[in-house]
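Coordinate analysis (summary)
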Amino acid sequence: MVKQQTVPLDRTFQALADPTRRALLARLGEADALSISDLARPFSMSLPAVMKHLDVLSEAGLVTRTKTGRTVFCQLNAGPMEDAMTWLTRYQVFWTRQLDRLQAFLEDETCPPKPAPSTPIPAAASTPGPASRSGDGSTPPPPASTRRGRTRGS
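Quick caveat: nothing in here was measured; it's all calculated off a predicted structure. (Residues numbered from 1 in each chain as written. Predicted model: local features only at pLDDT ≥ 70, side-chain atom pairs only at ≥ 80, totals over all residues. Heavy atoms only, no water.)

1. A closer look at the pattern of salt bridges
- In the structure shown here, the tally under the stated rule is two salt bridges.
- The shortest N-O distance in the salt bridge between Arg41 and Asp38 comes to 2.8 Å.
- On the basis of relative accessible area, Asp38 is assigned to the partly exposed category, the value being 27%.
- Here Arg65 makes a salt bridge to Asp55, at a shortest N to O gap of 2.7 Å. Separated by 10 residues along the polypeptide, Arg65 in strand 2 (residues 63-68) and Asp55 in helix 4 (residues 47-59) bring together distant segments of the chain.
- When its relative accessible area of 32% is taken as the criterion, Arg65 is described as partly exposed. (Salt bridge = Lys/Arg side-chain N within 4 Å of Asp/Glu carboxyl O. Buried < 20%, exposed > 50% of the residue type's maximum accessible area, 1.4 Å probe, protein only. Helix = DSSP H or I, 4+ residues; strand = E, 2+ residues; numbered from the N terminus.)

This is the structure we're talking about:
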């Protein structure tokens, strides 16, 4: 029973996961119906590639196709997206409650700030010591460069 309820939802989210398919749906949302060639025009992919994306959208129930003569028109079907929004709304309520609790906690003034440490830091630890002498002439200078194939003495 659970499997039957989640399959359409899985198909919807799978279809919506691809940016090309979301762009196709956005174009369909702006018009009543578009032919497949009109839908494919702005994309830099072949017509068969666009048709494969439309197949995924059709299987998810997000697009319906009708044929008039030799032209196939596509229309947006928002029903499966409504089911997805219903599912997402449950989690929106959860996160809204969690964020409300966090806001109340942060605005709660009954928690006093932590006191400063009672042990003072010794003065010697806070002042820098003498400079290190490790860099005073401990490394020899690099050798002078020579031309390729010659040694210094020649």
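2. A closer look at the sheet that holds strand 2
- Read from one edge of the open sheet, three strands run 1-3-2, paired in antiparallel fashion. Each having just a single partner strand, strand 1 (34-35) and strand 2 make up the two edges of the open sheet.
- Relative to strand 3 (residues 71-76), strand 2 is paired through six bridges, and the arrangement is antiparallel. If you follow Thr66 over to strand 3, its bridge partner there is Phe73.
- Contacts between helix 2 (residues 19-30) and the sheet are confined to strand 1, strand 2 and strand 3, with strand 3 contributing the most and set at about 90° to the helix.
- Against the sheet, helix 4 touches strand 2 and strand 3, its axis set at about 120° to strand 2. (Pairing = 2+ DSSP bridges. Contact = heavy atoms within 4.5 Å. Axes fitted to C-alpha atoms, helices over the stretch in contact; angles between N-to-C directions.)

3. Things to note about a nonpolar patch on the surface
- A contiguous nonpolar patch, built from Met85, Trp87, Leu88, Tyr91, Phe94 and Trp95 and spanning about 620 Å² of accessible area, is present on the exposed surface.
- Summarising the element assignment, Trp95 is placed in helix 5 (residues 79-107). (Patch = residues over 30% accessible without salt bridge, like charges linked within 9 Å, V, L, I, M, F, W, Y side chains within 5 Å. Areas by Shrake-Rupley, 256 points an atom, 1.4 Å probe, with all protein chains shown as cover.)

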